[in-house]
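Structural features, examined
What follows is each chain in one-letter form.
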Amino acid sequence: MADRLAPVSDVQPTADQTTALDTASAAPPSGAAPARLLLIDGHSMAYRAYFALPVENFSTSTGQPTNAVYGFTSMLTKILADEQPTHLAVAFDMGRTTFRTERYPEYKGTRDETPQPFRGQVPLIREVLETMRVPVIERENYEADDVLATLATQARAAGMQVLVCSGDRDAFQLVNDDVTVLYPIRGVSELTRMTPDAVRAKYGVGPERYSDLAALVGETSDNLPGIPGVGPKTAAKWITAYGDLDGIIAAAPDIKGKAGESLRAHLDQVVLNRELNHLLTDLELPLGPADLAVQPWDREAMHRVFDSLQFTALRERLFAAMPGEAAAPVEAGEPVDVAELAPGGLGGWLAARAGRTLGIDVRGAIRPGSGDAWGLAIADDGAAAVSLDLTTIDPRDEAALAAWLADASAPKAVHGAKSAWHALTGRGLPIAGVVFDTEVAAYLCHPDQRSYDLPSLSVRYLHRELTSGAPAAGSQGALDLSLDGSDEHQHAAARAAAVGELSGVLADALADRGATDLLARLELPLEDVLAAMEHRGVAADVDYLRELEKLFDAQVQTAATEAYDVIGREVNLGSPKQLQEVLFDQLGMPKTKKIKTGYTTDAASLADLYARTQHPFLAHLLAHRDAIRLRQTVEGLLRSVADDGRIHTTFQQTIAATGRLSSTDPNLQNIPIRTEAGRQIRRAFVVGEGYETLLTADYSQIEMRIMAHLSGDEGLIDAFRSGEDLHNYVGSRVFSVPTDQVTPAMRSKIKAMSYGLAYGLSSFGLSKQLSIEVGEATRLMDDYFSRFGGVRAYLTGVVDEARATGYTATIMGRRRYLPDLTSDNRQRREMAERMALNAPIQGSAADLIKVAMLGVERELTARGLRSRLLLQVHDELVLEVAPGEREEVEAIVRAQMGSAAALDVPLDVSVGVGASWHEAGH
DNA sequence: AGGTCAACGTA
DNA sequence: CGTACGTTGACCTT
């Protein structure tokens, strides 16, 4: 079945969605169903959530507790979905003192201080509400319940149906035919509807008498004592008998028995209770019920907030429950007309769109070196699209497609161009002319996110759901087996259209951030370089790797046996839990640093324990750790060797928030080098057949040089210009001795501090690392800064500026936004400050080597050399050099790396060559 | 099956 | 109480 194409679609959903939203946000027309107002006691519900959900299960990776935010938002989501309110507001208490505490200082006096982890979450809840455009109402001196009571009363008078969600039973007095209280039974997920009947069933009196009953019985949580010996039963009986509290008071002298006596003894308290538990319904408020219509959400802000809270599933649920959204057709969001082309018609279709940027979507396998593409959709900016099955494509169409794809002057927008490159190259369809990559563009806009998948970007920037078909080639290893069926084509076309449309929106966002060139001139061309590097792979010596595996395996066995002998039993040495048992219970060793699951057994602590106890078990355990990790690394590499005898890593371009690349599958950026045994592994990376040697080139002290440049510190700049050893030079200034009298101990201290500065190292941290007193570390840092004052000024300046602008920027203008710089939470704020210190330095270094890679690739191509880039390890490039090209390649690499940017300090590059990575290293 | 943690490798 | 990553096995939950 050739060229089966999807049918024409005429879905026009955008207008529908807008309509739905507008309807929801306006007051309902008269004669329609009555407006439904939802009023939430923010504080009491959040507080309930806080205690209902274990905080240890609800925190972000930065340590911010989120259990109250999660519970509150989850509760809100559920109510929105269940009740579909047309109007909505949340009330908060303001401070602890109110007119009630003035009247009765003991009011709520038994309550503990609100826990800090809870208080820190209230601003986050307000942030969530703000992005949802939910009015937050509060009034000094009054409680949230008074606000709710006032609004409920006003709303009822205006003919609205009212839901009051509160964890405070006092709200029951508001219940009537138009006002229902949603009261949490257990935690925050189960709410019971308190209607007049429900109140009567539970308390034996109607809601209008609930306050009387509560006054008699008391309310422990408010610290309002009731009448001793009088429970809800007796209270209800009296209310039924005497009508209301006034009736009871009037009849008090005649009430018999112990309860009667007790009542008479506590009349004052009862009257006070009644006065305090009465909710005010006549507060003056800035907003009335009519002002509380549900508003369209600030979706982009919500995504930002939910990203930072790391609520992925909850976000989906919340969007699904969005008011008005439910009315929109589910299939909405794919305004694409998929053209039915006659066989051979693609060339005409493309020609009719010559010069226009077309969005494309590639389906296929993206394994570097062995990719394949089997589906391709192309969409224009008018949402006309074609979707092609590449496995059955008409030869004329295939030729037209190949020509268009390879035409560098035919502009294309792609989501994940490097992945598309692998898939298409595998099918013999090289791609050129990519002028926009929505994935990379989104990354440049918000580099702190973990993924930039197309459906999320669609929701976020196009405000449109992208119904999921099979994933595009952008998702690693995705296999699409259901090529048949027009749905597949429709989805593919919708993705292509979304890519095209997103490229416009994101281009604007990039321009706002001054990052247009960063994408067009750096990241986009780099994708081709990276794709080629991944495609080439690096040759591996498999036989040698197998030998290493055997060697390390033998070491693992030996170490394990010896360890078992010492303790007289076999345990799983890889289990921290079992190790803790052996070390601290069986062997009774001193406790190490505390971690979540007990006490750490990390290498530093074990080494420390060994120094103190000399226990042989520790030595064997450490040897086992080393050997097992080396074996693991070798085994991982062996598994990664492809059929061509080479290892093809994937360089991720949109992961590291600083702008660095990362390497996965396998990670070739963390191959051991520090220990001799580890370095053996580098011997397995060898020059491939047909090539003469490997060449490595690395920047020396790139981050310190960038710090020198950015800070403009004359001392540090002179240090680099002098050509002397950096740490000796700095050490001589800090310790006031001649350069040749800087001892190795002094030098290593200086080295640690210099590097630490770029990470926001504290004197405490420095003292830890150097095993010196904090005072000495502080003095060391003071001495350093007294000689290199420009560095200190720069470091404080960079944080100040980031706080003011909201972001840091690298030499190439790459931004990282750090909203936590103004956080109330000290831990988060200080973390953000360290990120702000480091991001410009690490990020500028990343910029430089990317520029250098483009230059190297360009020169090698321009000169027709066969030598080629293989790997990048942050400040190092690894190349495979063709016979006879070594000198020229070295010159190119030195020149391109050295001139990647014009800094106030030279960019030194050291180069090594050899048959393996180990030998080429230095 | 899927997610998180501790541990540890790199720059 | 030092930044940026990725991978692994153990452990726990679904």
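Residues numbered from 1 in each chain as written. Chains lettered and ligands numbered in written order. Predicted model: local features only at pLDDT ≥ 70, side-chain atom pairs only at ≥ 80, totals over all residues. Heavy atoms only, no water.

**A look at the overall build of chain A**
Secondary structure summary: chain A contains 37 helices and 27 strands in total. Expressed along its principal axes, the backbone C-alpha trace of chain A runs to roughly 115 × 80 × 60 Å. Split into buried and exposed, the 922 residues of chain A put 53% on the buried side. The long-range fraction of contacts in chain A, counting pairs at least 24 apart against all pairs at least 6 apart in sequence, stands at 69%. As displayed, chain A offers around 39700 Å² of accessible surface, 50% of which is attributable to carbon and sulfur atoms. (Helix = DSSP H or I, 4+ residues; strand = E, 2+ residues; numbered from the N terminus. Buried < 20%, exposed > 50% of the residue type's maximum accessible area, 1.4 Å probe, protein only. Contact = heavy atoms within 4.5 Å. Areas by Shrake-Rupley, 256 points an atom, 1.4 Å probe, with all protein chains shown as cover.)

**A few points about the protein's contact with DNA strand B**
Taken together, 20 residues are adjacent to DNA strand B, and Thr600, Thr601, Ala603, Arg629 and Ile673 come closest. The sugar-phosphate share of atoms of DNA strand B within 4 Å of the protein amounts to 84%. For DNA strand B, a phosphate oxygen lies 2.9 Å from a polar atom in the backbone of arginine 674. In the environment of DNA strand B, a sugar or linking oxygen lies 3.0 Å from a nitrogen or oxygen atom belonging to the side chain of aspartate 875. When grouped by side-chain class, the residues that make up the surface near DNA strand B number 6 nonpolar, 7 polar and 7 charged. (Near = heavy atom within 4 Å. Polar contact = N/O pair within 3.5 Å; in protein donor to acceptor, adjacent residues only side chain to side chain. Nonpolar A, V, L, I, M, F, W, Y, C, P; charged D, E, K, R; others polar.)

**Let's talk about the side chain of glutamine 680**
For glutamine 680, the position within the fold is in helix 27 (residues 676-682). At 3.0 Å, the side chain of glutamine 680 forms a polar contact with the side chain of arginine 683. Once residues lying within four places of it in the same chain are set aside, the contact partners of glutamine 680 are Tyr544 and Leu548.

**Comments concerning the nonpolar core**
Core analysis: the biggest nonpolar cluster contains 134 residues, and Tyr699, Leu716 and Tyr784 have the highest contact counts within it. With 50 residues, the next largest nonpolar core counts Phe172, Ala235, Ala252 and Ile255 among its residues. (Core = buried A, V, L, I, M, F, W, Y, C linked by side-chain atoms within 4.5 Å.)

**Quick notes on the protein's contact with DNA strand C**
Around DNA strand C there are 30 residues in total, and Asn572, Ser575, Tyr759, Ser762 and Gln769 lie nearest to it. Among the atoms of DNA strand C close to the protein, meaning within 4 Å, 70% are from sugar or phosphate groups. At 2.9 Å from a phosphate oxygen of DNA strand C is found a main-chain nitrogen or oxygen belonging to alanine 657. Within the side chain of glutamine 842, a nitrogen or oxygen atom sits 3.0 Å from a sugar or linking oxygen of DNA strand C. Contributions of two or more residues to the surface near DNA strand C are made by helix 26 (616-640), strand 20 (662-664), helix 32 (763-770) and helix 35 (826-862). Among the elements that make up the surface near DNA strand C, the one with the highest residue count is helix 35 (5 residues). Its residues placed into classes, the surface near DNA strand C shows 8 nonpolar, 16 polar and 6 charged.

**A few points about the sheet that holds strand 27 (residues 909-914)**
The antiparallel open sheet is built from 4 strands, whose spatial order is 25-26-22-27. If you trace the sheet from one side to the other, it starts and ends with strand 25 (868-872) and strand 27, each paired once. Averaged over all adjacent pairs, the angle separating strand axes in this sheet is 25°, with direction ignored. Each of strand 22 (693-699), strand 26 (876-881) and strand 27 is contacted by helix 36 (residues 886-898), which is oriented at about 20° to strand 22, the strand it contacts most. (Pairing = 2+ DSSP bridges. Axes fitted to C-alpha atoms, helices over the stretch in contact; angles between N-to-C directions.)

**What to know about the domain arrangement of chain A**
For chain A, the assigned domains read domain 1 (35-320), domain 2 (337-537), domain 3 (539-641) and domain 4 (702-844). Computed over C-alpha atoms only, the centres of domain 2 and domain 3 are separated by 47 Å. (Domains from an automatic or database assignment.)

**Overview of the packing of helix 9 (residues 210-217) against helix 10 (residues 232-242)**
Between helix 9 and helix 10, the shortest axis-to-axis distance is 9 Å and the interhelical angle comes to 135°. Relative to helix 10, helix 9 is oriented oblique. Handedness of the crossing formed by helix 9 with helix 10: right-handed. Counting all contacts with helix 9, which are made through Asp212, Leu213, Leu216 and Val217, the residues of helix 10 involved are Pro232, Ala235, Ala236, Trp238 and Ile239. Counted by class, the contact of helix 9 with helix 10 contains 8 nonpolar, no polar and 1 charged residues. (Parallel < 35°, antiparallel > 145°, perpendicular 65-115°, else oblique. Left-handed = near helix turned anticlockwise from the far one by under 90°.)

**Some remarks on helix 13 (residues 267-277)**
In an α-helix, one turn spans 3.6 residues, which is why side chains three or four residues apart end up on the same side. Within helix 13, the full set of buried residues consists of Gln269, Val270, Leu272, Asn273, Leu276 and Asn277. Taken down its axis, helix 13 places every buried residue within 165° of arc, on the same side. Looking at the buried residues of helix 13, the elements they touch are helix 4 (99-103), helix 9, strand 7 (218-219), strand 8 (224-225) and helix 11 (245-251). (Arc of directions from axis to C-beta.)

**Remarks on empty space enclosed by the protein**
For the structure on display, the rule yields 5 cavities of 30 Å³ or more. Contributing to the lining of the largest cavity are 11 residues, with Leu88, Met132, Val134, Val294 and Gln295 lying nearest its centre. For the lining of the largest cavity, a count of residues per class yields 9 nonpolar, 1 polar and 1 charged. (1 Å grid on protein atoms, 1.4 Å probe; cavity = no way out; pocket = protein on both sides within 12 Å on 5 of 7 lines; lining within 4 Å. Points joined across faces, edges and corners; volume = space filled by probe spheres on them.)

**A short note on the pairing of strand 22**
Burial analysis of strand 22 places 7 of its 7 residues in the buried class, the great majority of the element. The sheet contact formed by strand 22 and strand 27 spans 6 bridges and is antiparallel. Pairing of threonine 696 across the sheet is with glycine 912, part of strand 27.

**Remarks on the packing of aromatic side chains**
This model, assessed by the stated rule, comprises 14 aromatic pairs. Members of the aromatic cluster, each reached through a chain of ring pairs, are Tyr47, Tyr50, Phe51 and Phe118. The ring of tyrosine 729 has arginine 733 sitting right over it, with the charged end atom 3.9 Å from the ring centre. The ring centre of tyrosine 807 lies 4.0 Å from the NZ or CZ of arginine 815, which sits over that ring. (Phe/Tyr/Trp six-rings, centres within 6.5 Å; stacked < 30°, edge-to-face > 60°. Lys NZ or Arg CZ within 6 Å of the ring centre and 35° of its normal.)

**Description of the sheet that holds strand 18 (residues 646-647)**
The sheet built from 3 strands is open, its strands ordered 18-15-21 with antiparallel pairing. The open sheet terminates on both sides in strands that have one partner only, identified here as strand 18 and strand 21 (685-686). Summarising the sheet, strand 15 (residues 538-540) and strand 18 pair through 2 bridges and their orientation is antiparallel. Pairing of valine 538 across the sheet is with isoleucine 647, part of strand 18.

**Considering the UniProt feature "domain: DNA-directed DNA polymerase family A palm" (unreviewed entry) in chain A**
On the UniProt side, "domain: DNA-directed DNA polymerase family A palm" (unreviewed entry) is annotated at positions that read residues 678-885 here. The annotated region residues 678-885 carries 59% helix and 12% strand content, and the separation between its end C-alpha atoms amounts to 30 Å. (UniProt positions renumbered as here; feature names shortened; annotations may be inferred.)

**Here we look at the pattern of salt bridges**
Going through the model one piece at a time under the given rule, you end up with 39 salt bridges. Of the charged contacts, one joins arginine 100 and glutamate 143 as a salt bridge, the two residues approaching to 3.0 Å between their closest N and O atoms. Taken as a pair, arginine 100 in helix 4 and glutamate 143 in the loop between strand 3 (136-137) and helix 7 (144-157) lie far apart in primary sequence, 43 residues in all. Both residues of the pair, arginine 100 and glutamate 143, count as buried. For the salt bridge of glutamate 776 with lysine 749, the shortest nitrogen-to-oxygen distance reads 3.1 Å. Taken together, the positions of glutamate 776 in helix 33 (residues 774-787) and lysine 749 in helix 31 (residues 744-757) put the pair 27 residues apart, joining distant regions of the chain. (Salt bridge = Lys/Arg side-chain N within 4 Å of Asp/Glu carboxyl O.)

**Observations concerning the environment of tryptophan 917**
Positionally, tryptophan 917 belongs in helix 37 (residues 917-920). With sequence-adjacent residues up to four places away left out, tryptophan 917 is seen in contact with Leu668, Ile671, Arg682, Phe685, Leu694, Thr696, Leu871, Val873, Glu876 and Val878.

**A closer look at unusual backbone geometry**
The residue after aspartate 665, namely proline 666, is reached through a cis peptide bond having omega 0°. Positionally, proline 666 belongs in the loop between strand 20 and helix 27. Notably, arginine 133 is not glycine yet its phi reads approximately 55°, a positive angle. Structurally, the position occupied by arginine 133 is in the loop between helix 6 (122-131) and strand 3.

**Things to note about the pairing of strand 10 (residues 358-365)**
Within strand 10, 8 of the 8 residues are buried, which leaves it mostly tucked inside the rest of the structure. Side chains Leu358, Ile360, Val362 and Gly364 project from strand 10 onto one buried face, and the interleaved Gly359, Asp361, Arg363 and Ala365 project onto a second face that is buried too. Examined bridge by bridge, strand 10 and strand 13 (residues 412-414) share 3 bridges and lie parallel to one another. Note on strand 13: the bridge partner recorded for isoleucine 360 is valine 414. In this sheet, strand 11 (residues 372-379) lies alongside strand 10 in antiparallel orientation, the contact comprising 7 bridges. Following the sheet pairing, alanine 365 is matched in strand 11 by aspartate 372.

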